[in-house]
Amino acid sequence: MQPKNPPKQHRVKAIPQWSPSLSVGHAKLDEQHITLLELGRDLMRLLETDAASNEQVHVALEDIVRQARLHDSLEESILEANGCPTLAEHKQAHQTARNELTNMLSAALRGDLVRPELSRLIADWMGHHISENDLPVKDYMKQPTKARAAN
Ligand SMILES: [Fe+2]
Ligand SMILES: [Fe+2]
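Residues numbered from 1 in each chain as written. Chains lettered and ligands numbered in written order. Predicted model: local features only at pLDDT ≥ 70, side-chain atom pairs only at ≥ 80, totals over all residues.

(A) Representation of the overall build of the chain. When you go through the chain residue by residue, the secondary structure sums to four helices and zero strands. The helix and strand sequence of the chain, counted from the amino end, reads α-α-α-α. Counting only residues that meet the buried cut, the chain has 20% of its 151 residues in that class. Considering only residue pairs separated by 6 or more positions, the chain has 76% of its internal contacts joining residues 24 or more positions apart. (Helix = DSSP H or I, 4+ residues; strand = E, 2+ residues; numbered from the N terminus. Buried ≥ 20, exposed ≤ 12 C-beta atoms within 10 Å, placed from the backbone. Contact = placed C-beta atoms within 7 Å.)

(B) Here's a closer look at the environment of Gln95. By secondary structure assignment, the location of Gln95 is in helix H3 (residues 87-110). It is 9.4 Å that separates the C-alpha atoms of Gln95 and Arg69, two residues lying 26 residues apart in sequence.

(C) Region of the structure containing helix H2 (residues 54-81). If you check H2, its first and last C-alpha atoms are 40 Å apart, about what 28 residues at 1.5 Å a residue would give, namely 40 Å. For H2, the set of buried residues is Ala60, Leu61, Ile64, Ala68 and Glu75. For H2, the secondary structure elements touched by its buried residues are helix H1 (27-48) and H3. In the segment just after H2, Gly83 is the residue with positive phi, at about 70°. (Expected span 1.5 Å × (residues − 1).)

(D) Molecular detail of the nonpolar core. Formed by 17 residues in total, the largest nonpolar core has its most connected members in Leu43, Leu61, Ile64 and Ile122. Ranked by residues supplied to this core, first place goes to H1 with five residues. (Core = buried A, V, L, I, M, F, W, Y, C linked by C-beta atoms within 7 Å.)

(E) Just the confidence of the model for the chain, in detail. Looking at the chain, the pLDDT average stands at 88 and 87% of residues meet or exceed 70. Below pLDDT 50 for its whole length, residues 147-151 participates in zero contacts with residues either more than four positions away or in separate chains. (pLDDT = per-residue confidence, 0-100.)

(F) Focus on the packing of H3 against helix H4 (residues 115-134). Between H3 and H4, whose axes approach to 11 Å, the crossing angle comes to 165°. Relative to H4, the element H3 lies roughly antiparallel. The interaxial crossing formed by H3 with H4 has left-handed handedness. Every residue of H4 that contacts H3 at His90, Ala93, Ala97, Glu100 and Met104 is listed here: Leu118, Leu121, Trp125 and Asn133. For the contact of H3 with H4, the per-class residue count stands at six nonpolar, two polar and one charged. (Axes fitted to C-alpha atoms, helices over the stretch in contact; angles between N-to-C directions. Parallel < 35°, antiparallel > 145°, perpendicular 65-115°, else oblique. Left-handed = near helix turned anticlockwise from the far one by under 90°. Nonpolar A, V, L, I, M, F, W, Y, C, P; charged D, E, K, R; others polar.)

Shown next, in the form of structure tokens:
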């Protein structure tokens, strides 16, 4: 009988480096994106280290979930204030990603986290979050232009 789940390659994908081409034009959101990418890299480094304890992985994942919540809620409020027409889909994409992350967190708590699955999820999420979800709506993430009155 053919094995249903052939051994998967344990190759860890790289987390993208932030560069000005990934800027969404809002300083705080850019700062949060940079933090998320850094936290993602920290977690990937742990996942590549066989000696990393489940506790260490759990703590690193918790940091990402916390930062993702903060980031999603700020980003959604800015998109809403600027009348983004695809806000509902954007919120849904955030929710889906957060659900996947919290499922991994629960698995880590239960002690049955599959590390290659977590590294794939983190790499995919970080690879798509900014370039495919955020940049297309960056016109709705602009910094408020209150300063204009001062001119
Ligand atoms: Fe987003
Ligand atoms: Fe974002």
